[in-house]
Amino acid sequence: MADWGGWNRIADGATSAAPGATGAVDVFVRAGGDDRVFQNRFLSGTSWAGWLEVPGGATRSAPATMIVNNVLHVFVRGLDDGIHFNRFIAGRWEVWREVPGGERTQD
């Protein structure tokens, strides 16, 4: 695996919460002025793909990630303080959905 090359600023702002990562070296952050969710993927152990927005997501806190049955899941605290998730299946993101139950989170 390549060495870390140092820190780089994310376009349109910087993360305001701790990034989340999966075992596949996908990194997720909250960034930009409107709390959007971005992903970056480490390719072949040598370079990063670049920051891409996870469509439609916004969060007040750092994203959390996990892989279940070989499917990447991202969880966020939505702007409505609900808990929302999205899944990456067959090379594309599904739509954001709220975790059932109507629970809310707070700082």
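The residue count restarts for each chain, going from 1 along the sequence in the order it is written. Local features in this predicted model are restricted to residues of pLDDT 70 or higher, and side-chain atom pairs are both shown and tallied only at a pLDDT of 80 or more, whereas totals for entire chains, interfaces and linings draw on every residue. Neither water nor hydrogens contribute to the side-chain values; these are computed over all heavy atoms in the structure.

Participant: I'd like a description of the overall build of the protein chain, backed by residues and values.
Facilitator: Put simply, DSSP marks the helices as runs of H or I at least four residues long and the strands as runs of E at least two long, and each gets a number from the N terminus on. Each helix and strand counted, the protein chain has zero helices and 10 strands in total. Listing the helices and strands of the protein chain from first to last along the sequence gives β-β-β-β-β-β-β-β-β-β. Think of it in three bands: residues with accessible area under 20% of the maximum for their type are buried, residues over 50% are exposed, and the middle band is partly exposed, with areas taken using a 1.4 Å probe on protein chains only. The buried share among the 107 residues of the protein chain stands at 33%. Counted over contacts in the protein chain with a minimum sequence separation of 6, partners at least 24 positions apart contribute 27%. Note on areas: Shrake-Rupley with a 1.4 Å probe; residue coverage comes only from the protein chains shown. Carbon and sulfur atoms make up 53% of the accessible area of the protein chain, which totals about 6,800 Å². Contacts: residue pairs with any heavy atoms within 4.5 Å of one another.

Participant: Residues and numbers for the environment of Glu103, please.
Facilitator: Counting through the fold element by element, Glu103 comes out in the segment after strand S10 (97-98). Taking the relative accessible area as the measure of exposure, Glu103 reaches 56% and is therefore exposed. Sequence separation of Glu103 and Gly82 is 21 residues, and the distance between their C-alpha atoms is 6.2 Å.

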